[in-house]
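# Observations on the three-dimensional arrangement
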Amino acid sequence: MLNAPQTDLYLCAPSRHKRRKQPESAMSAVNLIPKSPEARLTLAALAVLLLVRVCAILASPLNLYADEAQYWRWSQELAWGYYSKPPMIAWVIHLMTAVFGNNEWAVRLAAPFLHTAAAGLLFLAGREMFSAKTGLYAALLYALMPAVTLSSSVLSTDGVLMPFWCTGLFLAWRLRSGSGRMTAAALGAVVGLGILSKYAMLYFVIGLVLTCLVDAPMRRALLSWSGALALGVMTLLIAPHFAWNAANDFQTVGHTVDNANLGGDLFHPENALTYFLDQLGVFGPVSFILLIAGLITWKSRTEGDPAPARWLLCFILPVLLFILCQAVLSRAHANWAATAYPGASLLVAAWFAERRALIWASLGVNALAALIFLVVPVLSPAQTRALGIDNALKRTRGWDVAADQVFAEAERIGAVAVLVDEREAWHGLDFYGRDRTVPLISWRRYASPKSFSERVGLETVHNGPVLVASLHPWMRPRIRGDFERFEPAGQIRIDLGVRGNGCPITRVFQLYVAQDFAPAERNADWDAKYTTVKEFDEPPCPSKD
């Protein structure tokens, strides 16, 4: 049954006796103390998680991921849009680095705060829709999700989106329950800000439309002046972003469409199994199984008021089904269905609140995974080597050392630019070589740029010696063909650890000094003639097992 909203703050009760007036600051402090035990427990648990996650970020020796370094680069110049994402993540990083400086931890610091806010909003939503106990369980299920644990240690667009999604659920239900136009305006604002965070917020709009079809109170709330106000506020917020896209050849929209990869062979049914296995890892194995079990036994779990569960499913099932179809048609990354799980956390908490053993089993499994995810990033190289997990961390190691050596070599030979042949290398060297004096260019294999790193071509650089730092043996013959002069100049080897079979993990930059850039025409014949050609390929490592 739907419970009435509960008061969560100690309020000053009227009294027949005169009481000495307390200072305003003291009264404010009293009024902010949570009243219900569920609220106090939620606040305490989220505060502890936040503290632990912030400490883990501060202690982590890991370099930025390529995507994090890319978002940092965007943050250096504020705009209403960027190459592949809406602008919110760059705005958040800009704020954090403006305060704390250009450090890895400053780039990531907002992540745990954003997820903590999202979990707190789920508590409020669960309390409004069901009970304070449901809100507590929902907040903890969300906060301990494996995907949230990982996303709390790196800054991603999912992390920036989730607070707006969770706030949207809370405000939409309040609007359904009869709240006024201020709630409608706030709902429009958070939906707009969510779209500015990640286009996946459009699933929330789809959810709102579906609630109108299945829920009369929601239909009355949205098909009114309040709904029009929410739509107007949302439109005002997102209009500048889409105007930016129109002025920039719809870069963000176009990249999002390309990312779906809906070309070529469009039927891969075997991907359905991979998709479901991925979701066990995203939501947590026990949590996802409980969600599926709840859906199967839907009738037996809706004996009371079915409206809240039916309402929440409008924000869960479309996401899960759409991403499943995407996976079967082409591909789908595990996190693409992440927006289904705030609502799923509420629903699982409501369905199984009276079967606490199942809820605590889910929380226990996720807490164990969270502990592992928190500990691993702060381990020393010697410890990760002993555990055999260096390979999992190689993408976040060695970029600072590589940048020092690559740009020192460029300065030594008087290079007018450094040329790399990989997007990830460009972003790693860009962040850790941010004080460089020469341009960093990403080589273009195709006629037009295929990533943000390729937006500036080598033709913009004055003629002179170029230091080529190549990671890929099969790209080097193609790069060689773009220059009149191309001479080997040694290599830079970065130690990244050891594989489980005992083989070393090494990032090897093969160096060349190139001059007289004259790129060949990019066509199928040009690409085909290099198909089987490699240069300075690393010999395979014999297993030491």
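Check the entry above for the structure.
Residues numbered from 1 in each chain as written. Predicted model: local features only at pLDDT ≥ 70, side-chain atom pairs only at ≥ 80, totals over all residues. Heavy atoms only, no water.

Bringing the overall build of the protein chain into the picture now. A tally of regular secondary structure across the protein chain gives 26 helices and five strands. By residue count, 50% of the 545 residues in the protein chain fall in the buried class. Roughly 25500 Å² of accessible area belongs to the protein chain as shown, and the carbon and sulfur atoms make up 62% of that amount. (Helix = DSSP H or I, 4+ residues; strand = E, 2+ residues; numbered from the N terminus. Buried < 20%, exposed > 50% of the residue type's maximum accessible area, 1.4 Å probe, protein only. Areas by Shrake-Rupley, 256 points an atom, 1.4 Å probe, with all protein chains shown as cover.)

A full pass over the atoms with the stated rule returns one disulfide. The disulfide bridge from Cys503 ends at Cys541, spanning 2.1 Å between sulfur atoms. Its torsion about the S-S bond being -90°, the disulfide of Cys503 and Cys541 is classed as left-handed. Here Cys541 lies in the segment after helix H26 (524-528) and Cys503 lies in the loop between strand E4 (483-498) and strand E5 (504-517), a separation of 38 residues in the sequence. With relative accessibility at 3%, the residue Cys503 sits in the buried group. For Cys541, a relative accessible area of 35% puts it in the partly exposed group. Here Cys314 is not disulfide-linked; the sulfur of Cys212 is the nearest cysteine sulfur, at 9.2 Å. (Disulfide = S-S within 2.5 Å.)

Once that is clear, we can look at the packing of helix H15 (residues 271-283) against helix H18 (residues 317-329). Relative orientation of the contacting elements H15 and H18 amounts to 135°, with a least axis distance of 8 Å. As the angle between them shows, H15 and H18 are arranged oblique. You can see that H15 and H18 cross each other, and the crossing is right-handed. Taken together, the residues of H18 that come into contact with H15 (itself represented by Asn271, Ala272, Tyr275 and Phe276) are Leu320, Ile323, Leu324, Ala327 and Val328. Looking at the contact of H15 with H18, its residues break down into eight nonpolar, one polar and no charged. (Axes fitted to C-alpha atoms, helices over the stretch in contact; angles between N-to-C directions. Parallel < 35°, antiparallel > 145°, perpendicular 65-115°, else oblique. Left-handed = near helix turned anticlockwise from the far one by under 90°. Contact = heavy atoms within 4.5 Å. Nonpolar A, V, L, I, M, F, W, Y, C, P; charged D, E, K, R; others polar.)

When two helices pack together, their arrangement is given by the angle between the helix axes and the distance between those axes. Where helix H3 (residues 66-75) contacts helix H4 (residues 88-100), the axes come no closer than 8 Å and their chain directions differ by 75°. When the axes of H3 and H4 are compared, the pair comes out roughly perpendicular. Judged by residue contacts, Tyr71, Trp72, Trp74 and Ser75 of H3 engage Ile89, Ala90, Ile93, His94 and Thr97 from H4.

In this structure, Phe204 and Phe509 are the most contacted members of the largest nonpolar core, which totals 136 residues. Examining the composition of this core, we find that 12 residues originate from one element, helix H9 (residues 157-176), more than from any other. Setting aside residues no more than four positions away along its own chain, Phe509 makes contact with Trp399, Ala402, Ala425, Leu429, Ala469, Ser470, Leu471, Gly490, Gln491 and Ile492. Counting residues in hydrophobic clusters, the runner-up holds 16 residues, among them Leu419, Trp443, Ala514 and Trp526. (Core = buried A, V, L, I, M, F, W, Y, C linked by side-chain atoms within 4.5 Å.)

This next bit is on the pattern of salt bridges. According to the stated counting rule, one finds 20 salt bridges in the structure shown. A salt bridge links Arg478 to Asp527; the shortest N-O distance between them is 3.0 Å. Within this pair, whereas Arg478 is found in helix H25 (residues 476-480), its partner Asp527 is found in helix H26, the two being separated by 49 residues in sequence. Taking the relative accessible area as the measure of exposure, Arg478 reaches 4% and is therefore buried. On the accessibility criterion, Asp527 (22% relative accessible area) is partly exposed. The salt bridge partner of Asp537 is Lys534, with a shortest N-O separation of 3.6 Å. On the basis of relative accessibility, which here comes to 45%, the residue Asp537 falls in the partly exposed class. (Salt bridge = Lys/Arg side-chain N within 4 Å of Asp/Glu carboxyl O.)

Time to look at the sheet that holds E4. Read across the sheet, five strands follow the order E2-E1-E3-E5-E4 without closing on themselves; strand pairing throughout is mixed. Of all the strands in the sheet, just strand E2 (440-442) and E4 have a single pairing partner and so form its edges. The sheet shows a mean angle of 25° between the axes of neighbouring strands, taken without regard to direction. Here E4 pairs with E5 via 12 bridges, running antiparallel. Each residue of the ladder has a partner; that of Phe486, found in E5, is Ala514. Sheet contacts for helix H24 (residues 423-432): strand E1 (417-420), E2 and E5; angle to E2, the most-contacted strand, approximately 170°. (Pairing = 2+ DSSP bridges.)

This next bit is on the pairing of strand E3 (residues 466-470). The element E3 is extensively covered by neighbouring structure, given that five of its five residues are classed as buried. With burial as the criterion, each face of E3 is covered, one bearing Val466, Val468 and Ser470 and the other bearing Leu467 and Ala469. In terms of strand pairing, E1 meets E3 through four bridges, oriented parallel. Each residue of the ladder has a partner; that of Val418, found in E3, is Leu467. Bridge analysis of E3 against E5 gives five bridges, and the strand direction is antiparallel. The residue bridging Val466 from the neighbouring strand is Ala514, located in E5.

This structure, assessed with the given rule, holds 23 aromatic pairs. On the basis of an interplanar angle of 55° and a centroid distance of 4.9 Å, the ring pair of Trp311 and Phe315 is categorised as tilted. The two residues Trp311 and Phe315 agree in class, both being buried. Members of the aromatic cluster, joined through ring pairs, are Tyr71, Trp74, Tyr82, Trp426 and Phe452. Above the plane of the ring of Trp399 lies Arg507, whose end atom (NZ or CZ) is 3.7 Å from the centre. (Phe/Tyr/Trp six-rings, centres within 6.5 Å; stacked < 30°, edge-to-face > 60°. Lys NZ or Arg CZ within 6 Å of the ring centre and 35° of its normal.)

Here we come to the environment of Trp474. Within the secondary structure, Trp474 is located in the loop between E3 and H25. Owing to a relative accessible area of 39%, Trp474 belongs among the partly exposed residues under this scheme. Along the backbone, Trp474 and Val533 are 59 residues apart, and their C-alpha atoms lie at a distance of 6.1 Å.

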